[in-house]
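Okay, here's what each chain looks like letter by letter:
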Amino acid sequence: MGGSAPRRDGQLPVETTSFVDRRSELAEGRELLARARLVTLTGPGGVGKTRLAARIAARVERAFPDGVRFVYLAGLHDPALVPLAVADALGLHDHSGRPPLDALAEQVRDRRLLLVIDNCEHLLPACADLAAALLHGTTGVRILATSRHRLGLTEENLLEVRPLPVPDPDGDLSAAATHPALALFADRAAAVVPGFRLTADNRAAVARLCRRLDGLPLAIELAAVRMRVLGVEQLLERLDDRYRLLTGGSPAALPRHQTLRAAVDWSHELCTEQEQLVWARLSVPAGSFDLETAEAVCADGVRIQSYDVLEAVAGLVDKSVLCREPGPDGVRYRLLDTLRHYGLDSLRESAVEELATRRRHRDWMQQRAAACERAWFGPGQREIVARLRADQDNLRAALEFSLAGMRGADALAGPGGALTAAGGVAVGPGAAFVGPDGPDPLSGAGEVRCGSAAPQRGAGLYRFAAAPRGATSHDGAAAERRHLAAPPAERLAERLAALRLAGTLWFYWHACGAPREGRYWLDRALDANPEPTRERARGLWIAGLLAGCPEDLTRGRRRAEEARELARSLGDEAEAAHADYVIGVVRLFADELPATLAHFEAGVARGRVPGQHLSLVGLDQVELACTLGFLGQADRAVEVCRKALRLCEEHGEEWVRSYVLRMLALAHTVKRDWPRAETYAREALRLKLAVNDVIGIALTLDLAARIATERDAHEHAAVLLGGADRTWASVDRDRFGSQALAATRHASERRAREALGRSAFAAAYERGAGLGPGLAELVGYALQEPGLPERADTGSQLNDTPRIRLTRREAQVAELVAEGLANQQIADRLVIARRTAEGHVERILNKLGFNTRSQIAAWVAAQR
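This structure is a prediction, so every number in the text was calculated from the model and none was measured.

J.: When you look at the overall build of the protein chain in this model, what are you seeing that I'm missing?
T.: Regarding its fold elements, the protein chain presents 38 helices and 13 strands. The proportion of buried residues among the 864 residues of the protein chain is 61%. Once local pairs closer than 6 in sequence are excluded, the contacts in the protein chain between residues at least 24 apart make up 73%.

J.: Would you mind going over the nonpolar core with me for this structure?
T.: In a soluble, globular protein the nonpolar side chains are often hidden away together inside. Residues Leu73 and Trp541 are the most contacted members of the largest nonpolar core, which totals 153 residues. Setting aside residues up to four positions removed in sequence, Trp541 forms contacts with Trp506, Ala560, Ala563, Glu575, His578, Ala579, Val582 and Leu616. Tyr72, Leu114, Val161 and Leu184 belong to the second largest nonpolar core, which has 82 residues in total.

J.: It is not clear to me how the sheet that holds strand S4 (residues 68-72) should be interpreted in this structure. Could you clarify?
T.: Remark on secondary structure: sheet strands pair via backbone hydrogen bonds, oriented parallel or antiparallel. The strand order across the open sheet built from five strands is S4-S5-S6-S3-S7, with neighbouring strands paired in parallel fashion. Both edges of this open sheet fall to S4 and strand S7 (157-160), since each of them pairs with a single strand only. Between one strand and the next, the sheet's axes are offset by a mean angle of 20°, whatever the strand orientation. Where S4 lies against strand S5 (residues 113-118), five bridges are found, and the strand directions are parallel. Within the sheet, the bridge partner assigned to Arg69 lies in S5 and is Leu115. This element, helix H1 (residues 23-35), spans strand S3 (38-42), S5, strand S6 (141-147) and S7 of the sheet and lies at about 175° to S7. Across the sheet, helix H5 (residues 124-137) lies against S3, S5 and S6, angled at about 165° from S6, the strand it touches most.

J.: Help me understand helix H32 (residues 739-756), please; the structure alone is not making it clear to me.
T.: An α-helical turn contains 3.6 residues, so a residue and the one three or four places further along point in the same direction. In a regular helix each residue adds 1.5 Å, so 18 residues correspond to 26 Å; H32 covers 26 Å between its end C-alpha atoms and thus fits that length. Among the residues making up H32, those that are buried are Ala740, Leu741, Arg745, Ser748, Glu749 and Ala752. In this structure, the buried residues of H32 make contact with helix H24 (573-589), helix H26 (614-630), helix H28 (655-670), helix H30 (694-710), helix H31 (714-729) and helix H33 (758-769). Note on H32: the residue one or two positions beyond its end, Gly757, has a positive phi of about 90°.

J.: What is the right way to read the pairing of strand S8 (residues 322-327) from this model?
T.: Two faces, one strand: in a regular strand the side chains alternate between the faces of the sheet. Pairing of S8 with strand S9 (residues 330-335) involves six bridges; the strand directions are antiparallel. When the sheet's bridge partners are listed, Gly327 is paired in S9 with Gly330.

J.: What am I meant to see in the side chain of Thr727 here?
T.: With respect to the helices, strands and loops of the structure, Thr727 is situated in helix H31. By relative accessible area, Thr727 is classed as buried at 5%.

J.: It is not clear to me how the packing of aromatic side chains should be interpreted in this structure. Could you clarify?
T.: Taken as a whole and judged by the stated rule, the model has twelve aromatic pairs. Taking the centre distance of 5.1 Å and the plane angle of 35° together, the rings of Trp376 and Phe507 count as tilted. Taken together, the residues span a long stretch of sequence, with Trp376 in the loop between helix H15 (351-375) and helix H16 (381-390) and Phe507 in helix H20 (residues 506-511) at a distance of 131 residues. Residue class for Phe507 comes out buried when judged on its relative accessible area of 0%.

J.: Got a minute to help me understand the pattern of salt bridges in this structure?
T.: Between side chains of opposite charge, a pair can form when the charged atoms approach closely. Within the structure shown, the criterion is met by 63 salt bridges. Its salt-bridge partner being Arg557, residue Glu592 comes within 3.4 Å of it at the nearest N-O pair. Here the residue Glu592 occupies a position in the loop between H24 and helix H25 (593-606), and Arg557 occupies one in helix H23 (residues 550-569), the gap between them amounting to 35 residues. Each of Asp702, Asp725, Arg735, Arg745, Glu749 and Arg753 takes part in a single network of salt bridges with overlapping partners.

J.: I'm lost on the pairing of S6 in this one. Help?
T.: Counting buried residues along S6, six of its seven residues qualify, which places the element largely inside the surrounding structure. One ladder, built from five bridges, connects S3 with S6; its direction is parallel. Bridge assignment links Leu41 to a residue of S6, and that residue is Thr146. Pairing of S5 with S6 involves five bridges; the strand directions are parallel.

J.: Quick question: what am I supposed to make of the packing of H1 against helix H2 (residues 49-60) here?
T.: The interhelical angle for the contact between H1 and H2, taken along N-to-C directions, is 60°, at an axis separation of 10 Å. Classed by the angle they form, the pair H1 and H2 counts as oblique. Note that H1 runs across H2; the crossing there is right-handed. Residue-level contacts link Glu25, Leu26, Gly29, Arg30 and Leu33 of H1 to Leu52, Arg55, Ile56, Arg59 and Val60 of H2.

J.: So what exactly am I meant to see when it comes to the environment of Ala204 here?
T.: Relative to the assigned elements, Ala204 resides in helix H7 (residues 203-212). Considered as a pair, Ala204 and Asp170 are 34 residues apart in the sequence and their alpha carbons are 6.9 Å apart. Look past the residues within four positions of Ala204 in its chain and what remains in contact with it is Pro169 and Leu173.

J.: Would you mind going over the confidence of the model for the protein chain with me for this structure?
T.: Segments scoring low in pLDDT should not have their predicted coordinates read at a detailed level. On average, residues of the protein chain carry a pLDDT of 82, and 82% of them reach 70 or more. At the low end of the mean pLDDT range in the protein chain sits strand S13 (residues 461-465), at 27; at the high end sits helix H12 (residues 291-298), at 97. Note on residues 245-254: pLDDT under 50 across the span, and twelve contacts to partners over four residues away in sequence or across chains. A low-confidence stretch, residues 443-484 (pLDDT under 50), is modelled with 88 contacts involving residues beyond four sequence positions or located in other chains.

J.: I tried to follow helix H29 (residues 674-690) on my own but got confused; where do I start?
T.: Over its 17 residues, H29 runs 25 Å from end to end, which matches the ideal 24 Å to within 8%, given 1.5 Å per residue. Immediately downstream of H29, the backbone of Asn692 shows phi near 60°, a positive value.

J.: Before we go on, may I ask you to explain the environment of Tyr520 in this structure?
T.: Looking at the element boundaries, Tyr520 is found in helix H21 (residues 515-528). In the structure, Tyr520 is positioned 439 residues away from Leu81 in sequence and 8.7 Å away in space, judged by C-alpha atoms. Sequence-distant contacts of Tyr520, defined by excluding residues within four places in its chain, comprise Asp78, Ala80, Leu81 and Leu84. Among the polar contacts listed, one links the side chain of Tyr520 to the side chain of Arg524, at a separation of 3.0 Å.

J.: I'm lost on the packing of H12 against helix H13 (residues 306-318) in this one. Help?
T.: With their axes 9 Å apart at the nearest point, H12 and H13 run at an angle of 120° to one another. One finds that H12 runs oblique with respect to H13. Helix-helix and strand crossings are classified by hand; for H12 and H13 the assignment is right-handed. For the pair H12 and H13, contact is made by Leu291, Ala294, Glu295 and Cys298 and by Ser306, Val309, Leu310 and Val313, respectively. In terms of residue class, the contact of H12 with H13 is built from six nonpolar, one polar and one charged.

J.: What's the story with unusual backbone geometry in this structure? I'm lost.
T.: Trans peptide bonds make up most of the peptide bonds, and negative phi angles are found at most residues other than glycine. In this structure, Asp214 is a non-glycine residue whose phi angle is positive, near 60°. As for its position among the elements, Asp214 is in the loop between H7 and helix H8 (217-225). For Asp591, which is not a glycine, the phi torsion comes out positive at approximately 65°. Mapped onto the fold, Asp591 is located in the loop between H24 and H25. Judged by its relative accessible area of 24%, Asp591 is partly exposed.

Conventions and cut-offs
Residues numbered from 1 in each chain as written. Predicted model: local features only at pLDDT ≥ 70, side-chain atom pairs only at ≥ 80, totals over all residues. Heavy atoms only, no water. Helix = DSSP H or I, 4+ residues; strand = E, 2+ residues; numbered from the N terminus. Buried < 20%, exposed > 50% of the residue type's maximum accessible area, 1.4 Å probe, protein only. Contact = heavy atoms within 4.5 Å. Core = buried A, V, L, I, M, F, W, Y, C linked by side-chain atoms within 4.5 Å. Pairing = 2+ DSSP bridges. Axes fitted to C-alpha atoms, helices over the stretch in contact; angles between N-to-C directions. Expected span 1.5 Å × (residues − 1). Phe/Tyr/Trp six-rings, centres within 6.5 Å; stacked < 30°, edge-to-face > 60°. Salt bridge = Lys/Arg side-chain N within 4 Å of Asp/Glu carboxyl O. Parallel < 35°, antiparallel > 145°, perpendicular 65-115°, else oblique. Left-handed = near helix turned anticlockwise from the far one by under 90°. pLDDT = per-residue confidence, 0-100. Polar contact = N/O pair within 3.5 Å; in protein donor to acceptor, adjacent residues only side chain to side chain. Nonpolar A, V, L, I, M, F, W, Y, C, P; charged D, E, K, R; others polar.

See below:
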């Protein structure tokens, strides 16, 4: 159910069920986008806004040279993260100290792209600010938003998404299959009752059923699942009985938003007690989650054991409550936003239960992050990157809970704060009820409830009952407030857990292109944890490592020095060594080359201290080799690189290895051994693309352009310079203020421009700047340029890179993906089912460790 699986790579969602045609809305949406830069699809929950937006975007994709990007906000609850989520979807990784919206608008200023922003209603001010910044700061960016409420900008054009039209059950139904609501029911019913179809005997009953459900797609899908055990007439009869119960005997009195809640209530009541509890607890994970996460969050060892969770999850999938979708390391699950809010309502009937569930979720995210950190210097880096990207919303939710959860709890328990049955706050007479996660999608668009009454659950719906003056709105509220008013030691533990998690993820923030978000969480966590702890020492040096612009580098150095001093006072040699590495990096970017050389020579000579992460041991050697290369000591640099390469090879590591290869390219550039330098640079690019190391790709493209000019491949150099500058624009246009880095780039441009002439250089440069929208096409160009030396020229140290083997059919599918064919076109070409083609593509992505089809295309090109 739900029909589409959101993706972490910003691509359009993968459709997992058939799409019921909405010809008029599709046409109107395309027309609006043709003449307006901001179009918002509005409508109630469960009406199909997300599916329609994805279809509209797919239809107009060719009109946007820089692509279409999909931003899924349902799992996001912090307004400050909205511009970061958009930047992530666009593949932008800003390191500057500018405000996020200003940086985002600057980075996409010259792009022509469509941004689809899904589920804006709970973040309306942030989404409105985002849209305004992009509309006013760019000329080629268009926005297609989905929301239950309008954004409120003057430039906004609205497209109301209405429920599916339903024909008169007593009218002519001879062409029943042409009616979308009936076609949707028949399609979903056939999925659970093979062979089901609309016939003369059941058409009228199906029409009456769809009319009773107001044509709401989600309600129709939920009802169709009941066809496993009931016939259409029985289904209609049971539904009418429920409506009469809810409305005092008049089904016609049921508002549309309560129609959907009634359908969800019915699905809930048909679940077993364990399934209901698992549903409630699974409303805590944000976005998608795997079975291990479900077990960790739901199993408390009392009401639910870990072995009970699989059966409950299977039951919820069977009842179409949970969506099943492919993930980077197997199956993942998702609750639609409407059903997630319903689960939260159930969970919040006891604040103690919600708090315990959120803590289990946070602790599991910490456990998973720690396992990934331990395994990072090893052979599974691509899988780790994919897993953490899939869990990004969950990591955010865990961090937010630890930083804001206790503050929120204090607010609930404070003077005048009455804890409501659904977890909202009603403060005094006339207060509006709004849940902590925003408005309830089942309570009607824009509904505001006023008065001194507090909501209670009854027959599956909220009803209001007057609370006695001076009493709380829930029988257990006093006990819950006492629980939430945690002692200082408990609040400290919560805050410290946030800093610990943010610090554990250092390698993800730094290596995988998420520095700004890392700084955001670390700044908040460090402010909340001023106590002298190991976690603070680690957080300080990581904040220094993630510094970007020259001004921030000064602050970063101060933080790293503070971290080193704190770590030494605590007797923590490992964190002191980590901080020492950051201090050296800042010196290197500041062009203090003699001091940097002495710094890293001392660090490498010291060797690994107990507890020091092997990645940072290897990076000490990388920075020493880099400094030697800048100082012209190429032979010493090669010697250091060989030692670092052996360390990487012993552990099957790729990320640090890619930097070692870049340093070897730099050293051989100094030695003017251009063929070998070129080969090392190309191999570095392959590995950096695999883990989305944006900074590393930018650095290596600069070096590759320098090598190309020295080999008189000036057009190739100009293309690479255009691509490099575009990549740096998403990081820091000034290359961190480093004179050494800037000098390499300027020398390459000068030589290429003189050789080609101004117009030819400009044409090649613009071609490179236009390669995209992601990095795969640019890196693919660098890898597939003809006339490059064979890999064997690099020596034995590169010959052990494992080759990826695809099956014959997967190789065929990969070639077709490289040709630009969509899944349906691949299916038609190979005479296979669309789902079979989708399965092949997913397996290829998993085998290669990729996230996008363009990465497959680049890989295919590199193999030719």
